[in-house]
Amino acid sequence: MRLRRYLVLLTCLALLGVATSARAQSSSGPTADVLPTSNGIKLGDAMLLHLGLGLELGWDSNVFYEDVNPHNSFYLRLNPSFDLTTRPREMRRTIEFDLHGGLGYVEYLTTDSSISSHRQFNVDGGLQAAFFNNSPYSFILFDNYVRSTMPPYVSGSPNLDRDQNEVGVRINLSPGGGRLTFLVGYVFGIDYWEPLQLQDYNLQYHRFDLRASWRFLPKTAVYIAATEFINQYPDPGAGMHPNSYPLHVDAGLQGLITTKLTLNAWIGYGNGFYVSGPSPNTAVGGLAASWKPTILSTGAIGYQHDFQNSVLGSYYDEDTAYLSWTQLVWRFTGFLRFQYSNLRYNGVQMIQATTDGTDNVIMLNVRVDYPFKDWLFVSAGYDLTLNRSNRTIALGAGGVTPGLVPVDYTKHVVYLRLTASY
Amino acid sequence: MRSQLNVIAAFIALAGATVAFAAVNEDASIDFRKSITLSPQETQAQAKDYVKKMQETQRRVMQLQSKARKDKDMVKLNCVNDKLTQLNGHMVVTNQSMSTLALDIAKSDDTARQHEFTRITILYQKVVTLGTEAEQCIGEDVSYVGATRVDVEIDPRVPQGDPTIPDLPVPVVTRPPEASPFV
C-alpha cells in the first residue's frame, strides 16, 4: 500500500515537472469532463490517470490579424495533457481531487523567420479539491493557471505572453433538504504580462461571490447573486489604467425547464465604480438556453448584455449573441457555432494610440469529429474570426510614415487534428 | 329401492370427494413417495440442497437477531431467539441425518436411505416455517421474499449533475484589442 502511494506521488511529481516546464492557448486538449469514464490508468484504489495528446496541422490566413496583405502560414500544434482524478464520474466521495495539466506548442511551418519566430508555448494547469460533497456543508479549493502566448498585431513585435492565475474557495451551504442553497466564494487573481512594455497592464484582482438559490423543482432554481471585484493595477506607469470596484447584482432562473430544455436567464444591475474616467452604471442581463431535441442533437442559443474590465481603455460594454448546434450522424459528430459580439470601448487613453470605438467581432466555428476508437478520434475544422471596427490606430515610427490604420481583420483557420485521450 | 339408490349415489360421491381431497393434499405438500424414485446420488444432492437452504435461513435469522439486539427491542429479540433456538436444534438433527444418509448410501441400504431423506425433508420444511416466523417477529416478513427494489430510468437527455449550480470561475483568456502597446 505504501509502495502504491509512493508510485502515485512519484507520477504526480513527474507530471508536474513536465507541466511546469512548458501551455495551451486554445485548449484543444482533452479535459476530464469529456474523457470516457471507462478509460484511464488506475493508480491505486482511488486514483485514475487520463492521458491525452493532440496533434494538429492547420493553415492560418492571417497570423498577425492584419487589415491588408496578411501574413499566412501553415502551422503544427502539439497538445499533450493529463488529468489525475480521485473521482470515477459515477460516484461521489467525501473528498475529491482533480489535477489537470496541459501544454500547447505551436510551430509555424514556414521559412519566413518573421512568422516562424512567433512560435507559441502555452501552459495550463488546474487543481481542485472538494470536501464533504455528500454533506449539506461543503467547500471547494481550486487553483487554475494559464500561460498564453499570442502573436502580436505587427510582425517583429514581441509575442503577447501572459500569465494568469486564479486561486479561490467556494463554500456551499445547503441546510435541510437542499431546497435553499447558499454559495460564498472568493478568488484572488493575477494577470501578468511578460513583455516589459505591457507591464503597465499587470492586474491583481479579488472577486467576492454571494449567491442564494431556491430549488423549486429538482433541477430548477431561482437565484439572486452578487459579485464584487477589486481590480488593482500595481504598476500603472504611462498606461495609467484606473483601478475599479465593479459590482454586479443579478436575479435569475437556472436549470431544467423541460427534460429537453435547460435555461439560465438573468437580469440585474452593474456598476463599475472606476476611480477615474468613465464608469459603467447600467442594467445587465442575459439568456443561455440549451435544447436537446433528440439524443443525437444539441442546440444552444444565448445573449448577454454586460460590461467587462478591459486592457484597452477602462472597460467595454458588451452585447454578445451566439448560436450553436451539435449533431451526431452515424459515427460523425458535427459542430457549428456562430457568435457576434458588439464591444464598445470606453476610457481609451491617448497613449494607446486609438480612440473610443466599437468593435464588431464575428466568430464562426465548424468542426467534424470521427472516432476510430473511444480514445482516438480525428477532427477537421474551420474557424473564422472577423472584426469590423470604427476605431483606427496611429502607427508609424522610426522612418515609417505615421498614419491611421484600421483595426479590422479577417482570419481563416483550417485544420486537421488527431486526438488521443485515454 | 329409491332409498338404496340414494345410498349408493351418496357413497360414490363421498368416495369421489375423498379421492379429490387426497389429490389436492398431494399438490400442497412434498410428495414423499416421489423420492422413492431418486437414485442414491440424486438423494444426496437433493439433501445437500436442503441443507444449504436451511443454512441460509439460519444466517438470516441470526441477522434478524442482531437487528433486534441493536434496536434494543426485547419483545422482538425474545421472539427471534425462540425461533433461532428451535432452528439450531433442527440443524443439529439435520447434520446427524446427513451423516447417517451418507452411511446408508455407502451401504446401499435403500430403506434406511429413504428414511433419512424423509427426515431431512421434514426438517427442511420446519426450518423454512421458522424462518418465516422469525421474519414476522421483526415485522420484515416482506424482506423474506426480497427487499423492495426500485429501478429508476432517467431520460438520457436530462443533464447529469446539478444544473442550478454555477461553474467555478476560471481565468478568461482574451486577445487584447489592437492598440498601443499591444501591436
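Note that this is a predicted model, so its numbers are computed, not measured. (Residues numbered from 1 in each chain as written. Chains lettered and ligands numbered in written order. Predicted model: local features only at pLDDT ≥ 70, side-chain atom pairs only at ≥ 80, totals over all residues. Heavy atoms only, no water.)

Chemist: Could you give an account of the overall build of chain B, with specific residues and numbers?
Modeler: From N to C terminus, chain B includes 5 helices and 0 strands. Taken from the N to the C terminus, the helices and strands of chain B come in the order α-α-α-α-α. Expressed as a percentage of the 183 residues in chain B, the buried residues total 28%. In chain B, the share of contacts with a sequence separation of at least 24, taken over all contacts with a separation of at least 6, comes to 71%. Approximately 11900 Å² of chain B is accessible, and the part contributed by carbon and sulfur atoms is 57%. (Helix = DSSP H or I, 4+ residues; strand = E, 2+ residues; numbered from the N terminus. Buried < 20%, exposed > 50% of the residue type's maximum accessible area, 1.4 Å probe, protein only. Contact = heavy atoms within 4.5 Å. Areas by Shrake-Rupley, 256 points an atom, 1.4 Å probe, with all protein chains shown as cover.)

Chemist: Please provide a residue-by-residue account of the state of the cysteines, values included.
Modeler: Residue and element names in this part refer to chain B. The full count for this structure, using the stated rule, is 1 disulfide over all chains. At a sulfur-sulfur separation of 1.8 Å, the disulfide partner of Cys79 is Cys137. Negative torsions about the S-S bond denote left-handed disulfides, and the value of about -50 degrees found for Cys79 with Cys137 makes this one left-handed. In this pair, Cys79 sits in helix α3 (residues 74-107) while Cys137 sits in helix α4 (residues 110-138), placing the two residues 58 residues apart along the sequence. For Cys79, a relative accessible area of 28% puts it in the partly exposed group. (Disulfide = S-S within 2.5 Å.)

Chemist: Before we move on, can you summarise the interface of chain A and chain B with the specific residues and values?
Modeler: The figure often quoted for interface size is the accessible area lost as the parts come together. On the chain B side, the residues contacting the 54 residues of chain A number 29 residues. Of the roughly 3700 Å² buried between chain A and chain B on both sides combined, carbon and sulfur atoms contribute 64%. Taken as a group, A:Tyr153, A:Arg170 and A:Lys219 account for 18% of the area that chain A buries against chain B, more than any other trio of residues on that side. Here chain A and chain B share 1 salt bridge between them. Linking A:Arg215 and B:Asp162 is a salt bridge whose minimum nitrogen-to-oxygen distance equals 2.9 Å. In this assembly, chain A and chain B are joined by 13 residue pairs in polar contact (both at pLDDT 80 or more). Looking at the side of chain A that touches chain B, the elements that each hand over two or more residues are β6 (137-150), β7 (160-173), β8 (180-193), β9 (203-217), β10 (220-232), β11 (247-256) and β19 (392-395) of chain A. If one sorts the elements of the side of chain A that touches chain B by residue count, β6(A) sits on top with 6 residues. For the side of chain A that touches chain B, the per-class residue count stands at 28 nonpolar, 15 polar and 11 charged. (Buried area = accessible area lost by both parts, 1.4 Å probe. Salt bridge = Lys/Arg side-chain N within 4 Å of Asp/Glu carboxyl O. Polar contact = N/O pair within 3.5 Å; in protein donor to acceptor, adjacent residues only side chain to side chain. Nonpolar A, V, L, I, M, F, W, Y, C, P; charged D, E, K, R; others polar.)

Chemist: Would you mind going over the pattern of salt bridges in detail, with residue names and values included?
Modeler: Proximity of charged atoms lets side chains of opposite charge pair with each other. All names here are of chain A. Per the stated rule, a full pass over the model turns up 20 salt bridges over all chains. The closest approach of N and O atoms between Arg147 and Asp161, which form a salt bridge, is 3.6 Å. Taken together, the residues span a long stretch of sequence, with Arg147 in strand β6 and Asp161 in strand β7 at a distance of 14 residues. Looking at Arg147, the relative accessible area reads 16%, which means it is buried. With a relative accessible area of 15%, Asp161 lands in the buried category. Overlapping salt bridges bring together Glu56, Arg77 and Arg417 as one network.

Chemist: Pulling in residues and values, what's your account of a nonpolar patch on the surface?
Modeler: Residues and elements named next belong to chain A. On the surface, Leu53, Leu55, Leu57, Phe74, Leu76, Leu78, Leu109, Phe372 and Leu418 cluster together into a nonpolar patch covering about 780 Å² of accessible area. Only β2 (47-60) and β3 (73-85) provide two or more residues apiece to the nonpolar patch. Along the chain, the position of Leu418 falls in strand β21 (residues 409-421). (Patch = residues over 30% accessible without salt bridge, like charges linked within 9 Å, V, L, I, M, F, W, Y side chains within 5 Å.)

Chemist: Go over the packing of aromatic side chains with me, naming the residues and quoting the values.
Modeler: All names here are of chain A. Scanning the model with the defined rule gives 19 aromatic pairs over all chains in all. Here Trp330 and Phe332 contribute two aromatic rings whose centre-to-centre distance is 5.9 Å and whose plane-to-plane angle is 45 degrees, an arrangement assigned as tilted. Taken together, the aromatic side chains of Trp330, Phe332, Tyr370 and Phe372 make up a single cluster linked through ring pairs. Just above the ring of Tyr345 sits the side chain of Arg391; from NZ or CZ to the centre is 5.3 Å. (Phe/Tyr/Trp six-rings, centres within 6.5 Å; stacked < 30°, edge-to-face > 60°. Lys NZ or Arg CZ within 6 Å of the ring centre and 35° of its normal.)

Chemist: So what's going on with the packing of helix α2 (residues 40-71) of chain B against α3(B)? Residues and values would help.
Modeler: When two helices pack together, their arrangement is captured by the angle between the axes and the distance separating the axes. Residues and elements named next belong to chain B. α3 packs onto α2 with a crossing angle of 160 degrees between their chain directions and a minimal axis gap of 10 Å. The orientation of α2 with respect to α3, classified from their angle, is roughly antiparallel. Read as a crossing pair, α2 and α3 show a hand that is left-handed. Of the residues that constitute the contact of α2 with α3, the class distribution is 17 nonpolar, 9 polar and 3 charged. (Axes fitted to C-alpha atoms, helices over the stretch in contact; angles between N-to-C directions. Parallel < 35°, antiparallel > 145°, perpendicular 65-115°, else oblique. Left-handed = near helix turned anticlockwise from the far one by under 90°.)

Chemist: Quick one: what's the story with α3(B), residue by residue and with numbers?
Modeler: Since the α-helix packs 3.6 residues into each turn, any two residues three or four apart lie on the same face. With 34 residues, α3(B) ought to run about 50 Å at 1.5 Å a step, and its terminal C-alpha atoms sit 49 Å apart, in line with that. Two residues or fewer after α3(B) comes B:Ser108, characterised by a positive phi angle close to 60 degrees. (Expected span 1.5 Å × (residues − 1).)

Chemist: Give me the pairing of β10(A): which residues, what numbers.
Modeler: Residues and elements named next belong to chain A. In the sheet, β9 pairs with β10 via 13 bridges, with the strands oriented antiparallel. Within β10, the position partnered with Ala212 by the bridge is Ile224. Connecting the antiparallel pair β9 and β10 is a turn made up of 2 residues. (Pairing = 2+ DSSP bridges.)

Chemist: So what's going on with the environment of A:Arg207? Residues and values would help.
Modeler: Mapped onto the elements, A:Arg207 comes out in strand β9. For A:Arg207, a relative accessible area of 23% gives the class partly exposed. For the pair formed by A:Arg207 and A:Pro246, sequence separation is 39 residues and the distance between their alpha carbons is 9.6 Å. Beyond its immediate stretch of four places on either side in the chain, A:Arg207 contacts A:Gly185, A:Tyr186, A:Val187, A:Thr227, A:Glu228, A:Phe229 and B:Pro169. A polar atom in the side chain of A:Arg207 sits 2.8 Å from the side chain of A:Asp209.

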